Amino acid sequence: MNNKSRISKILELLYDEYPKSKVSLDYHNPYELLAAVILSAQSTDKGVNKVLPELFRRFPDVYSISQASPEEIKPYIKTIGLYNNKAKFLNNMAKKVVADFDGSIPQTMKELISLPGVARKTANVVLGNAFDKPKGIAVDTHVIRLTNRMGFVDTKNAVKIERELVKIVSKDKWTKLTMVFIDHGRKVCGRKPKCDECVLADYCEKIILESS
Ligand code: SF4
């Protein structure tokens, strides 16, 4: 079985296993998703979700958060790691969206990664989930771990992994791949993989490294 057929089968099994798989951050529009993903860097989605209601009540759009100072934003996100930097990112991101994009979150990769605090992974999550315009595959820690264990790649480099995945996965599955891999990474294929109870066992190369 080649890698294209193998990952197609794996995705089929994961769709059955996690039919409700979606971004676990709470958001209602592109601004909220972008802000939530910026906040989620090196933090848990659960922790981020806790601060979002108050943050978005006080700053409901890019205009309000662009006019605040980082000092005004900090109290709303202080339970999240790296909140000093993240307050600056949110403020500067919003300022640029207002100044350069008429207050609308941009919908291209090039424009999104021009925003402070936004790298390719964040842009992929926003393009795929807020706009249904995937330009690539968001590669997070779970996608890195699982694609290595499954034998699709032999690298921790997210850009190289994304490049390999887009070759073997059809575009309509790019956004969902990240979501089901995250769910499977959290539930079954975590630090200690439960291969005995994994639905993917027949299609996985199970390359388990000490450091993975
Ligand atoms: S078989 Fe093991 S290594 Fe492969 S995806 Fe399942 S839990 Fe992970």
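Residues take numbers from 1 onward in each chain, read along the sequence in its written order. Per-residue local features are limited, in this predicted model, to residues with pLDDT of at least 70; the limit for side-chain atom pairs, both in listing and counting, is 80 or more; totals at the level of whole chains, interfaces and linings are taken over all residues. Where side-chain values are given, they derive from all heavy atoms of the structure, hydrogens and water being excluded.

The helix and strand inventory of the protein chain stands at eleven helices and zero strands. For the protein chain, the sequential pattern of α-helices and β-strands runs α-α-α-α-α-α-α-α-α-α-α. Expected size for 212 residues packed as a compact globule is a radius of gyration near 17 Å; at 18 Å, the protein chain falls within 12% of this value. Oriented by its inertia axes, the alpha-carbon framework of the protein chain measures out at about 55 × 30 × 30 Å. Accessibility here uses a 1.4 Å probe with only protein chains present; expressed as a share of the type maximum, an area under 20% marks a residue as buried, one over 50% as exposed, and anything in between as partly exposed. In the protein chain, which comprises 212 residues, the proportion classed as buried is 47%. Strands here mean DSSP runs of E at least two residues long; helices mean DSSP runs of H or I at least four residues long; both are numbered from the N terminus. As defined in this context, the radius of gyration uses C-alpha atoms, and a globule is described by 2.2 Å times the residue total to the power 0.38.

The next subject is the packing of aromatic side chains. Side-chain rings of Phe, Tyr and Trp, where Trp is taken by its six-membered ring, are said to pair if the distance between their centres is within 6.5 Å; with planes under 30 degrees apart they count as stacked, over 60 as edge-to-face, and otherwise as tilted. In this structure the tally under the stated criterion is two aromatic pairs. On the basis of an interplanar angle of 75° and a centroid distance of 5.5 Å, the ring pair of Phe59 and Tyr76 is categorised as edge-to-face. With Phe59 in the loop between helix H3 (45-58) and helix H4 (62-67) and Tyr76 in helix H5 (residues 70-77), the pair connects residues that are 17 residues apart, well separated along the chain. Among the residues examined, Phe59 registers a relative accessible area of 0% and is labelled buried. Against the face of Phe152 rests Arg6, its NZ or CZ located 4.0 Å from the ring centre. Definition used: whenever NZ (Lys) or CZ (Arg) falls within 6 Å of the ring centre and also within 35 degrees of the ring normal, the charge is taken to sit over that ring. The ring of Tyr15 has Lys176 lying over it, and the distance from NZ or CZ to the ring centre is 4.4 Å.

Using protein atoms alone on a 1 Å grid, points that fit a 1.4 Å probe yet trap it form a cavity, whereas open point sets bounded by protein on both sides within 12 Å along at least five of seven lines form a pocket; residues with an atom within 4 Å of a point count as lining. Grid points are joined across faces, edges and corners, and a volume is the space filled by probe spheres set on the points. Volume-wise, the largest pocket comes out at about 480 Å³. Around the largest pocket sit 22 residues that line it, and Ser40, Asp45, Asp140, Ile182 and Arg186 are the ones nearest its centre. When residues of the lining of the largest pocket are traced back to their parent elements, those giving at least two are helix H2 (30-40), helix H8 (120-129), helix H9 (141-149) and helix H11 (174-187). Here the lining of the largest pocket gets five residues from one element, more than from any other, and that element is H11. For the lining of the largest pocket, a count of residues per class yields eight nonpolar, eight polar and six charged. The nonpolar class holds Ala, Val, Leu, Ile, Met, Phe, Trp, Tyr, Cys and Pro. Asp, Glu, Lys and Arg form the charged class, and all remaining residues, Gly among them, are polar.

A word on the nonpolar core. With 40 residues, the main nonpolar core has Leu39, Leu55, Ile73, Leu90 and Ile105 as its most contacted residues. With eight residues, the top contributor of residues to this core is H2. Contact criterion: two residues are considered in contact whenever any of their non-hydrogen atoms come within 4.5 Å of each other. With residues near it in sequence (within four places) discarded, Leu39 still touches Val48, Val51, Leu52, Leu55, Ile77, Ile80, Lys86 and Leu90. With 26 residues, the next largest nonpolar core counts Ile7, Val139, Ile144 and Cys204 among its residues. Residue types Ala, Val, Leu, Ile, Met, Phe, Trp, Tyr and Cys, when buried and joined through side-chain atoms within 4.5 Å, form a set referred to as a nonpolar core.

On to empty space enclosed by the protein, then. In this structure the tally under the stated criterion is two cavities of 30 Å³ or more. Roughly 130 Å³ of volume is contained in the largest cavity. Looking at the largest cavity, it is lined by 15 residues, and the ones nearest its centre are His184, Cys189, Cys195, Cys198 and Cys204. Classifying every residue of the lining of the largest cavity by side-chain character gives eleven nonpolar, one polar and three charged. Of the pockets and cavities examined, the second largest cavity occupies roughly 60 Å³. Lining of the second largest cavity is provided by 13 residues; of these, Asn124, Val125, Ala138, Thr175 and Thr178 occupy positions nearest its centre. Taken together, the elements giving at least two residues each to the lining of the second largest cavity come down to H8 and H11. Tallied by class, residues from the lining of the second largest cavity come to six nonpolar, six polar and one charged. These domain limits were set by an automatic method or by a database of domain assignments. Mapping the lining of the second largest cavity onto the domain boundaries places at least three of its residues in each of domain 1 (3-21 + 137-203) and domain 2 (30-129).

Another point: the domain arrangement of the protein chain. Domain parsing of the protein chain yields domain 1 (3-21 + 137-203) and domain 2 (30-129). Placing a centre on the C-alpha atoms of domain 1 and another on those of domain 2 gives a separation of 27 Å. Each side of the interface is counted separately: domain 1 has eight residues, and domain 2 has seven residues. By definition, the buried area sums, over both parts, the 1.4 Å-probe accessible area that each loses when the two are put together. Where domain 1 abuts domain 2, roughly 560 Å² becomes buried across the two surfaces, and 52% of that area is made up of carbon and sulfur atoms. Per-residue buried area on domain 1 facing domain 2 is highest for Ala138, Glu162 and Thr175; these three make up 56% of the total on that side. One speaks of a salt bridge when a side-chain nitrogen belonging to Lys or Arg is within 4 Å of a carboxyl oxygen belonging to Asp or Glu. Counting the contacts that link domain 1 with domain 2 gives two salt bridges. Its salt-bridge partner being Asp45, residue Arg186 comes within 3.4 Å of it at the nearest N-O pair. Under this definition, polar contacts are N or O atom pairs within 3.5 Å; protein pairs additionally need one hydrogen-donor-capable and one acceptor-capable atom, and for neighbouring residues in sequence, both atoms have to be side-chain atoms. The tally of links between domain 1 and domain 2 comes to four residue pairs in polar contact (both at pLDDT 80 or more). The element that contributes the greatest number of residues to the side of domain 1 that touches domain 2 is H11, accounting for three residues. Each residue belonging to the side of domain 1 that touches domain 2 can be placed in one class, and the counts come to four nonpolar, one polar and three charged.

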